[in-house]
Structure formats: structure tokens, C-alpha cells
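Architecture at a glance
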Amino acid sequence: QVQLVESGGGLVQAGGSLRLSCAASGTTFNINAMGWYRQAPGKQRELVARITRGNSTQYADSVKGRFTISRDNAKNTVYLQMNSLKPEDPAVYYCNVNIWSGFHYWGRGTQVTVSS
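In this report, we go over the structure that sits alongside the text. From a predicted model like this one, the values you see are computed outputs, not experimental measurements. (Residues numbered from 1 in each chain as written. Predicted model: local features only at pLDDT ≥ 70, side-chain atom pairs only at ≥ 80, totals over all residues. Heavy atoms only, no water.)

1. Notes on the packing of aromatic side chains
The following threshold applies: Note on aromatic pairs: the rings of Phe, Tyr and Trp (six-membered ring only in Trp) are paired at centre separations within 6.5 Å, and the planes decide the class, stacked below 30 degrees, edge-to-face beyond 60, tilted for the rest. Every helix listed is a DSSP run of H or I at least four residues long, and every strand listed is a run of E at least two residues long, numbered separately from the N terminus. Whether a residue is buried, partly exposed or exposed follows from its accessible area with a 1.4 Å probe, protein chains only, as a fraction of its type maximum: under 20%, in between, or over 50%, in that order. Consider the ring centre and the ring normal. A charge sits over the ring if Lys NZ or Arg CZ is within 6 Å of that centre and within 35 degrees of that normal.
Tallied over the entire structure, the rule returns two aromatic pairs. Considering the side-chain rings of Tyr 37 and Trp 106, the 5.0 Å spacing of their centres and the 65° angle between planes classify their relative orientation as edge-to-face. Placement of the pair is Tyr 37 in strand β4 (residues 31-39) and Trp 106 in strand β10 (residues 104-106), with a sequence separation of 69 residues. Exposure remark for Trp 106: the relative accessible area of 38% places this residue in the partly exposed category. Their ring planes at 65° and their centres at 5.0 Å tell us that Phe 103 and Tyr 105 sit as a pair that is edge-to-face. The exposure class of Phe 103 is partly exposed, given its relative accessible area of 49%. Under the relative-accessibility criterion, Tyr 105 is labelled buried at 15%. Lying over the aromatic face of Trp 106, Arg 45 brings its terminal NZ or CZ to 4.7 Å of the ring centre.

2. Describing the pairing of strand β5 (residues 46-51)
Note the following rule: In this analysis, strands are considered paired if DSSP registers two or more bridges between them.
Where β4 and β5 come together, five bridges link them in antiparallel fashion. Of the residues in β5, the one forming a bridge with Gly 35 is Arg 50. Taking the residues between adjacent antiparallel strands as the criterion, β4 and β5 are bridged by six residues, where Gly 42 takes a positive phi near 75°. Judged from the three bridges that link them, β5 and strand β6 (residues 57-59) form a sheet pairing that is antiparallel. In the strand pairing of β6, Ala 49 is matched with Tyr 59. Here β5 hands over to β6 after five residues, with Asn 55 in that stretch at a positive phi of 70°.

In C-alpha cells form, the structure reads like this:
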């Protein structure tokens, strides 16, 4: 199994930056894609960004040009650099990892709050 631990969440002002990290441990050699989802109160969980083993990326339209996802396979860690944060960005951000079989693992989430 894969265990995920997120870090880097917190309170920032609008226009500020934050970097989230998610470290995977356990049976990590089967990891394929890694990504970040978010869920705001009363909203559905949505994909923010995703990156494959081959570094192909996918972003939600709302964050394109502002967020950057990256990964360090040697450290089994995925990052989300968030710049120019907006009032609509606050949410609980969840790390997601899927293995080659298609099974998904989730982190417990980290809170991102943006103040105006």
C-alpha cells in the first residue's frame, strides 16, 4: 500500500504563493500518476493538476498559468506550486496517487486559505 502525507498548506494573502508537497511511502514502485485535487465547502472534489510518470501534465482551466505541478521520483514526492492565489482557490487540497493497476490512494488533505 501507499501512504501519502501532504504539507505546505496554510493562510496566504490574495496574490501570494504557496507550495504544497506530498510524500509517498510504502509500495511506491508501482506509482504512475500523481496529482492534486481540491474540495471547497459545498462543492465537489475537482482535479487541480496531474502529472504522469513521464511528466505529462494536466491542469484545471481555472489554475492554468498560475499553478505548476512537478514530481521528484527519487523522493516519491509531488509538488504543487501555487502562485497568484485568488479568493476562489481556498479549499482542502488532497494528494492523489494511482498505481499501474488503476487503484487510487488519497492523502488526508491540507487546508489552503486565501485572505483578501
